[in-house]
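Working through the structure, step by step
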Amino acid sequence: MKKSNNDNTKEPLKTDAGEPKPSNQKTEELLRDVSHPDDQFLTTNQGVRINDNNNSLKAGERGPSLLEDFILREKITHFDHERIPERIVHARGSAAHGVFRVYESMSKYTKAGFLTDTSRETPVFVRFSTVAGSKGSSDLARDVRGFAVKFYTEEGIFDLVGNNIPVFFIQDAMKFPDLVHAVKPEQNHEMPQAASAHDTFWDFISLMPESMHMIMWAMSDRALPRSLRMMEGFGVHTFRLINDKGEAVFVKFHWKPLLGVHSVCWDEAQKISGKDSDFHRRDLWENIEKGNFPEWEFGLQIIPEADEHKYPFDLLDPTKLVPEELVPVQRIGKMTLNRNPENFFAETEQVAFHPGHIVPGIDFTNDPLLEGRLFSYTDTQLSRLGSPNFHEIPINRSIAPVHNNQRDGHMRQTINAGGTNYHPNSIGGGCPFQAKMADGGFVSYTEKIDAVKVRNRSESFRDHFSQATLFFHSQSPAEQQHIVDAFSFELGKLERPYIRERMVGVLTQVDKTLATKVAANLGIPVPNGPERPMNLGVSADDKGNHEPVSAKPVIEKSPALSMANTVKDTIKTRKIAILATNGVSGSSLNTMKATLQNEGAAVKVISQKLGSIQTEEGGAIPVDGSFLTEASVVYDAVFVAGGKKSLSALAGDPDALHFVNEAYRHCKAIGTEKEGSDFLNATYIGNKASQSKAPDPGVLIGMNPKDFVSAIAQHRFWEREMARKVPA
Ligand code: HDD
């Protein structure tokens, strides 16, 4: 992004070597430092140098403060107005800068420059978010994640404002305020925060069968990402690509993370929320700082116009996906996030996305949810950012030149010179001109429309269950169990039993086994079917029958929908804890640490207290974290280093035992040396009563460090949960 001339964007203080000044500089030096360049003096917003930033102006040292103190009043007034309204949804977000480059020209399908010119590196700014929680809520709430990408293209801004789930809860924007009211904390007592496990949400959902496909995703582990860097992204709606001949194809946009798609489990998510509620934000920030730049490939599913009606679902229905097995995702380019924001408010908070920000070569379809969004996003920026000039905020500025006759308004930054502010004009030489299509002027796709005006929903939008069923049937047994558990948790939290019963009735339409298992956990009988009428969200007496149907699934299973089939060949950026204390075998610890670090993992030595530990060889190893400040839930795997003394001390330490037991419960890879068996016997892993006959492939004793690497790359051994009852 270009920097403005505003003082606030100036570089931080630098030493001669160009490094930020070390924070351990002596206080005395900081106060007396005379090497500051002139423009680093503290000033008022009017540029007046401030002599005393500690004391207000008073009539006498013990007297009243004076109204005349313009420095105090300016400082306090600015502070009083520091907050702006948080986003009504997606308030909690974390963002980063990066670049996008297309692999091969897509000119066959689109004239968009950033998708046709392989020499271009298009700057991007990406904001990830949860939906329901407030700005300060936990990253690990069970929720959909926003995945919004701003492309600063040479032809203007293109915003792809998507989610990490390829479908949406509702089919028509008319229902969006209802959906959001239902999921947000309840209006009387403002509870619960960042959680869908409450009556109003499930009351609404159980009366909106069209939400059933998205609900299956939201109750799956997709709603609990391990990292923002390990999520897929989806444009959700069907869009159009238009080439320079004016020909169109339908397109679905995808982001495929190169590290694979991985999630944590619900018990872990809840605990991470307590141990580190900034877990995702920290993970994104730290990895970018370390140079572990997150990468996604950009994918397109191209559907020729001739195939518009080929499928049993409607391409305009945002509750449907196009299975990748029917239309493969072509990976056409790569996005790399390589720079953290410098100022959270100026960038992450003030960025304004809008699905209506498109460039020539891309166009909308008549998806009724998208159509409503095209209105909503400008409107919300007006109240959130407070002015129609929000496009002038640095993070929102187009890198393509902006010329038009729009003028004035709150906080206008541009100084429009000259005498004309209208079109057509002759005084200003006719400027600015309209651009012909050949000059890159945006021309909407000439879609033929011949219709009567109605307030109704298309018949082709009536199948609410077949893709919910497809999703469930495509999951691994462990993933299916997690979905059962999630429904049981969420519905178990409800105060009104009739909502629970109604919801289980709707689930019978998705999958009988799912409904039966959830009902059993809730201690209620499985209803024979749903309450009728089901579809209060659509039906109105004079609009005909809108009761949902379940079409025959177009395929029985879609392996692409299961995270069990994702990338599992790398431990790059994974967090591994090595447990050790005095008497540790230095060679065991260092060999494992070096192996893991060579594979790109982040390794921390965790012990009973900070400082350093003595090795049995007589050396010392620094400790990175103690049991007091660290928790197994923020790590992907645990290695208990060798060394008899260390192992026996840890075997007698409840914190060390808890660390390993909890990692075991969360199905993580656990490793130790041969001599570590006694330690494991002190944990739940060695508790013979808990062992099933089959050995656990995720517990490695006396292994080659490379085998431990392969085990960690598996992400989790979810089958452990199925085989054994694992303690909390
Ligand atoms: Fe939305 C924000 C994604 C439907 C109205 N939405 C917002 C953000 C994302 C999405 C990622 C946060 C952007 C950021 O980081 O600043 N929204 C979606 C997706 C949808 C969707 C994928 C369905 C496919 N949204 C949707 C509808 C409406 C809105 C139907 C209203 C008719 N969304 C908004 C909003 C927000 C927003 C209220 C809040 C803050 C903002 O726009 O800038 O206007």
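1. Structural notes on the sheet that holds strand β11 (residues 575-579)
As summarised here, the arrangement of the 6 strands in space is β15-β12-β11-β16-β17-β18, forming an open sheet in which the pairing is parallel. Across the chains shown, the open sheet's two edge strands, defined by having one partner strand only, are β15 (625-626) and β18 (699-701). Looking at chain direction, strand β17 (residues 669-672) and β18 are connected through 3 bridges and run parallel. When the sheet's bridge partners are listed, Ile670 is paired in β18 with Val699. In this fold helix α19 (residues 705-713) packs onto β11, β16 (637-640), β17 and β18, with an angle of close to 165 degrees to the strand it touches most, β17.

2. Details of helix α16 (residues 644-651)
All of the buried residues along α16 are Ser646, Leu647 and Leu650. The buried residues of α16 all sit within an arc of 95 degrees when viewed along its axis, so they share a single face. In α16, the exposed residues that point more than 90 degrees away from the buried face are Lys644, Lys645 and Ser648. Close packing links the buried residues of α16 with β11, β16, α17 (654-665), β17 and α18 (677-682).

3. Description of the coordination of the iron atom of the ligand
Among all protein atoms, only Tyr377 (OH) binds the iron atom of the ligand, sitting 1.8 Å from it. In this fold, Tyr377 is placed in helix α10 (residues 368-384).

4. Things to note about the environment of Trp266
Topologically, Trp266 is positioned in helix α7 (residues 266-275). For the pair Trp266 and Ala564, spaced 298 residues apart in sequence, the C-alpha separation works out to 17 Å. Dropping the residues within four chain positions of it, Trp266 is found in contact with Leu140, Arg142, Leu224 and Phe489.

5. Re the domain arrangement of the chain
What the domain assignment lists for the chain is domain 1 (93-173 + 220-396) and domain 2 (568-722). One C-alpha centre belongs to domain 1, the other to domain 2, and the line joining them spans 37 Å. The junction of domain 1 with domain 2 conceals about 1500 Å² of combined surface from both sides, 58% of it contributed by carbon and sulfur atoms. Among the residues domain 1 hides against domain 2, the three largest losses belong to Arg226, His262 and Glu268. Together they make up 32% of the total.

6. What about the environment of Ser458?
Structurally, the position occupied by Ser458 is in the loop between α10 and α11 (466-474). Each C-alpha atom, one on Ser458 and one on Leu316, is 9.8 Å from the other, the two residues being 142 residues apart in sequence. A distance of 2.5 Å separates the side chain of Ser458 from the side chain of Ser460, its partner in a polar contact.

7. Re the pattern of salt bridges
When their charged atoms lie close together, side chains carrying opposite charge are able to pair. Under the defined criterion, the tally for this structure stands at 40 salt bridges. A salt bridge links Glu82 to Arg83; the shortest N-O distance between them is 3.9 Å. Among the ionic pairs, Asp696 bridges to Arg720, the shortest N-O distance being 2.5 Å. Of the two residues, Asp696 is situated in the loop between α18 and β18 and Arg720 in helix α20 (residues 719-723); the sequence distance between them amounts to 24 residues. In this structure Asp696 comes out as buried when scored by relative accessible area, which is 12%.

Cut-offs and rules
Counting restarts for each chain, with residues numbered from 1 along the sequence as it is written. Predicted model: local features are reported for residues with pLDDT of at least 70 only, side-chain atom pairs are reported and counted for 80 or more only, and whole-chain, interface and lining totals are derived from all residues. Only hydrogens and water are set aside when side-chain values are computed; all heavy atoms of the structure are taken into account. The rule for pairing is simple: two strands pair if DSSP sees at least two bridges between them. Secondary structure elements follow DSSP: runs of H or I of four or more residues count as helices, runs of E of two or more count as strands, with numbering from the N terminus. Contacts are assigned to residue pairs with any non-hydrogen atoms lying within 4.5 Å of each other. Note on geometry: axes are C-alpha line fits, over the in-contact stretch for helices, and angles between N-to-C directions span 0 to 180 degrees. Relative accessibility under 20% of the residue-type maximum defines a buried residue, over 50% an exposed one, and the middle range a partly exposed one, all with a 1.4 Å probe and only protein chains included. The arc under discussion is defined with respect to the helix axis, by the directions toward the C-beta atoms. Think of the donor list as every N, O and S atom within 2.8 Å of the metal, or within 3.2 Å for Na, K and Ca; water never makes the list, so a site can look incomplete. Where each domain begins and ends follows an automated or database-derived domain assignment. What counts as buried area is the accessible surface, traced by a 1.4 Å probe, that two parts surrender upon association, with contributions from both included. Here a polar contact is recorded for every N or O atom pair within 3.5 Å, except that within protein the pair must consist of a potential hydrogen donor and a potential acceptor, and residues adjacent in sequence are included only if both atoms are side-chain atoms. Here, a salt bridge means any Lys or Arg side-chain nitrogen found within 4 Å of an Asp or Glu carboxyl oxygen.

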